[in-house]
Each structure stands twice: as structure tokens, then as C-alpha cells.
Amino acid sequence: MFARLDEVKVLRDPLFGYIHIDLQVVWDVLNSAWFQRLRRIRQLGGAFVTYHCAEHSRFSHSLGVYEIVRRMVTEVPDLAEALDEKEKVTVMLAGLLHDIGHGPYSHAFEGVTSTSHETFTCRIIEEDTEITHILEKACPGLSKDVADVIRHEAKNPILTQLISSQLDADRFDYLMRDAYFTGTKYGEFDMERILRTLRVHDDRVVVKESGVYAVENYIMARYHMYWQVYYHPVARSFEFLVHTLFKRLRDLGNLEDPCMIEQFRPIAENVEIPLDVYFELDENACAYGFAKLCHDEDPILKDLAERVRDRNLFKYEERTDSAWRRKRNQLKKAGLDPAYYLGKDEVTQNPYKPYSGENAGSIWVLMNDGTMRELSNASNIVYSLIHGPKRDDEKMFYPLLAEK
């Protein structure tokens, strides 16, 4: 049904050795301008200002997710038997394209545009783009089928589970890849063991009881990676600066500003970003746009742009009401507007959250006696983790004031 390449293409990968491509449609998507754009989007948002080797891209992560999905649907016997050819190709493409809609600095940019990357992803797949044409040429209706997997509307729920659940190819790849490129060990876990113990039970992907230990390791990897890497306060400080810079740009509303690049204009106007503009809105464009704003006549915009460019980040401390009031007064006395020079950010993270009923969002364990248990009822470690004290972290960010 789907055209195959004359020979299997292999791409070197530091995690998997090789990534294998034998489908023409996958190869065409890979070589499209939209997918190549992901080379210009860092995987870890602002984490590169903390972990100096975290320069890997959404491009490499997307290929990694594709490869894990490919292995799932071809090497896991239950999945290979449960899915037909079209479903296998659809979910492989969904894995490849699941992040095609990310903007600069990844998740940090969603707060700037107030639009999720999944929304942009489905637009890019379906709204008459190069990606749409490639998918439709391979199989009429394929673009909608791929988008349906990403927006959790696939006719076969197994497809969505493989790329967007609590035990999916997306998480598998980003934990291992982000750990590798940050030089940390927190994200390492035994993916091979998990793949070997995956089963299909009542249209749901489950794990055998013998795989629980590997899943526990995976859950703990998520927990540590969030607190040690993804929620690092220095990275959050950088992302807050990006947010407040665009807030200033929007508040000024000066669409004729000679220092503002064209790609920033829809953000300044607070309107929906056309896809042709979004295509050009990568981190290269942002770096150039920030460099131009370093010469802006507005002193606040100029200062914020210089801080982003030069990594002159805001300081941070735990936020309390008294500390907030104190810092706000100090900034006002120093002539700095707290609307742009004082911010807060609260994060919380559940490495695993069971859902009630038969929801596919939970991880289910096929016990040796044939019964099914939700993971927290099959693992003492996971039970303790989700029933223990809730952990959150609220920081306030502000510039270091010169001492008098």
C-alpha cells in the first residue's frame, strides 16, 4: 500500500545507533522544509543557558520518537499483530510529526503566543502545507489520520497511546536524549526491558508484571529530570525574560518600530500567526530579532533584549508575600517598572498520575494471574510517590540591583 525505498536509509544516532527509514513518505517528510525547520528549534527551551551541551534540537528528538514507535509496531509482537499496515504507518508519522508545531525555545514560546504547539502541529499537517501534500500523495486522508492521533481522536486508541500517554515513545526519547545532552544521569532507564514486556489487552497497551521494575525506574527518571533539568530556576529565569520581552513589545504596540523584525509583528499585534510567518519564526530569527532590539529606542525593550542576548539573567529566590512586596518597593525606588522587572513562576510535577476508571492515561499492569492492576496498585514505590507530600516550587525573578 505504501511505497518503499529502494534501500533502507540509516541515520546515525547517539542513543539508538541507527534510525531506520524504509518508507518513501517518511523520507519525504524528513526532507521537507517544515521538518528541516526543527533543526533550528532547540529541544530544551532555556535549559541551554544552564547545561552548556543542551544544544540538541527538536529535529533529533522527533526522529528518535519515530524510531521508538517504528520498533514498537514492528518488534513488539502484540502491537505488530494488533495494527494493520496503514495504522502502523500513521502512528510512525504521528511520532515523527508530533512536535512539528513547536516554536522557538520550545514550550517557553507557548506562553508568548498563548497557543499550544499541538494546535500549530495540526495546522501544519492539515492546512495545505508541504507536509499536507506529502501525506495526501502517499494516501488520501492520511493527513487527517495523523492529526487525529496527535489530538487524541484516533479511531484506534492504541495509536495515541504509543505517542501520548504516560508510557509512550515521546517520553522515552526525551528523557534519555535530554539526559545524554545535559550530561546528567537522571533520565536513564531500561527502555529495552519495557519494550520486551509491552502487551495489548482490550485495545490498551499494558506492561507485564515482570516489567514493573523497569517502569518504576522510568517513573523515577521523569521525577528527577523535571526537578533537576526541566524546572531548573536558571532556565526558568531565561524563559521569563523571553516572556517579558514580548510582553513589552506587545504593550508598546509600535508596529513601525524599525528595530522589530517582521516575524515579531503578529506577536506585537496579538493576532494569530500565519503559517508562512510561523515557518520563519525559529531560534535563528529570534536571535537576530533580539540583536536588533538591543538598539531600540525604548530603554526597557533594549535592556531586556540585551539581557536575553548576553545571558544577563534575572536573579531568583523563593517567593513569599513579604519578599514580593519588599522587592517590588526596591524596584520602584530604583526606577524599574515591576511589570517588566519582577515576575513569578510556580511549577509542580506529578511523575505519574493515575486516572479513575479504565482511562488509557493510566499505566496498567498485566499480572501473572491474568488480572489487571493500575500501576500504583502493583508497585509500592509508585504508590508511595503519588501518595506522598506534593512538591511544588514558586520562584520570583528580578534584576540584581546595585548596592549603594
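This text follows the structure it describes.
Criteria and cut-off values
Residues numbered from 1 in each chain as written. Predicted model: local features only at pLDDT ≥ 70, side-chain atom pairs only at ≥ 80, totals over all residues. Heavy atoms only, no water. Helix = DSSP H or I, 4+ residues; strand = E, 2+ residues; numbered from the N terminus. Rg over C-alpha atoms; globule rule 2.2 N^0.38 Å. Buried < 20%, exposed > 50% of the residue type's maximum accessible area, 1.4 Å probe, protein only. Contact = heavy atoms within 4.5 Å. Areas by Shrake-Rupley, 256 points an atom, 1.4 Å probe, with all protein chains shown as cover. Pairing = 2+ DSSP bridges. Axes fitted to C-alpha atoms, helices over the stretch in contact; angles between N-to-C directions. Left-handed = near helix turned anticlockwise from the far one by under 90°. Nonpolar A, V, L, I, M, F, W, Y, C, P; charged D, E, K, R; others polar. Salt bridge = Lys/Arg side-chain N within 4 Å of Asp/Glu carboxyl O. Core = buried A, V, L, I, M, F, W, Y, C linked by side-chain atoms within 4.5 Å. Patch = residues over 30% accessible without salt bridge, like charges linked within 9 Å, V, L, I, M, F, W, Y side chains within 5 Å. Parallel < 35°, antiparallel > 145°, perpendicular 65-115°, else oblique.

Undergrad: Tell me what's going on with the overall build of the chain, and back it up with residues and numbers.
TA: Along its length, the chain carries 21 helices and nine strands. Computed over C-alpha atoms, the radius of gyration of the chain comes to 23 Å, within 12% of the 22 Å expected from 2.2 N^0.38 for 404 residues, which places it in the range of a compact globule. C-alpha atoms of the chain, sized along the principal axes, occupy 70 × 50 × 35 Å. Counting all 404 residues of the chain, 55% fall into the buried class. Across the chain, every contact between residues at least 6 apart in sequence was considered, and the portion connecting residues at least 24 apart equals 69%. When the accessible surface of the chain is summed, it comes to about 18,300 Å², and 47% of that surface belongs to carbon and sulfur atoms.

Undergrad: Kindly report on the sheet that holds strand 6 (residues 343–348), identifying the contributing residues and their values.
TA: The strand order across the open sheet built from three strands is 5-9-6, with neighbouring strands paired in antiparallel fashion. If you trace the sheet from one side to the other, it starts and ends with strand 5 (315–318) and strand 6, each paired once. On average, each strand axis in the sheet is inclined to that of its neighbour by 30°, with strand direction left out of account. Where helix 14 (residues 233–252) meets the sheet, its contacts fall on strand 5, strand 6 and strand 9 (392–398), and the angle it forms with strand 9 comes to roughly 50°.

Undergrad: Could you give an account of the packing of helix 5 (residues 85–97) against helix 9 (residues 142–150), with specific residues and numbers?
TA: Two elements in contact, helix 5 and helix 9, have axes whose closest approach is 9 Å; the angle formed by their N-to-C orientations is 65°. The crossing of helix 5 and helix 9 is right-handed. Note on element contacts: helix 9 touches helix 5 through Leu-142, Asp-145, Val-146, Val-149 and Ile-150, opposite Lys-86, Thr-90, Leu-93, Ala-94 and Leu-97. Residues belonging to the contact of helix 5 with helix 9 are distributed by class as follows: seven nonpolar, one polar and two charged.

Undergrad: Break down the side chain of Thr-90 for me, citing the residues and quoting the values.
TA: Mapped onto the elements of the fold, Thr-90 is located in helix 5. Residue classification places Thr-90 among the buried positions, given a relative accessible area of 4%.

Undergrad: So what's going on with the pattern of salt bridges? Residues and values would help.
TA: One pass over the full model with this rule turns up 33 salt bridges. Across the pair Asp-99 and Arg-58 runs a salt bridge whose closest N-O atoms are separated by 2.6 Å. Taken as a pair, Asp-99 in the loop between helix 5 and helix 6 (110–113) and Arg-58 in helix 3 (residues 58–75) lie far apart in primary sequence, 41 residues in all. Classification of Arg-58 as buried rests on a relative accessible area of 5%.

Undergrad: An account of unusual backbone geometry is requested, with residue identities and associated values reported.
TA: Although it is not a glycine, Asp-128 adopts a positive phi angle of roughly 55°. Take Asp-128: it is sitting in the loop between helix 7 (117–126) and helix 8 (130–138). The backbone of Asp-203 sits at a positive phi, close to 60°, despite the residue not being glycine. Inspection of the secondary structure puts Asp-203 in the loop between strand 3 (198–200) and strand 4 (205–208).

Undergrad: Break down the nonpolar core for me, citing the residues and quoting the values.
TA: With 133 residues, the main nonpolar core has Phe-35, Leu-135, Phe-172, Phe-246 and Phe-264 as its most contacted residues. Ranked by residues supplied to this core, first place goes to helix 13 (residues 212–230) with 12 residues. Once residues lying within four places of it in the same chain are set aside, the contact partners of Leu-135 are Val-25, Val-29, Leu-93, Leu-97, Ile-125, Leu-142, Ser-143 and Val-146.

Undergrad: Describe in detail a nonpolar patch on the surface, supporting the description with residues and values.
TA: A surface patch of nonpolar side chains, amounting to about 240 Å² of accessible area, comprises Val-8, Val-10 and Tyr-18. For Val-10, the location among the structural elements is in strand 1 (residues 4–13).

Undergrad: Provide a residue-level description of the packing of helix 7 against helix 9, including the pertinent values.
TA: Helix packing geometry: the angle between the two helix axes and the distance between the axes. Between helix 7 and helix 9, the least distance of the axes is 9 Å, while the angle of their chain directions is 170°. Considered as vectors, helix 7 and helix 9 are oriented roughly antiparallel to each other. In this structure, helix 7 uses Thr-121, Cys-122, Ile-125 and Glu-126 to contact helix 9, whose residues at the interface are Ser-143, Lys-144, Val-146, Ala-147 and Ile-150. Class assignment for the residues of the contact of helix 7 with helix 9 results in five nonpolar, two polar and two charged.

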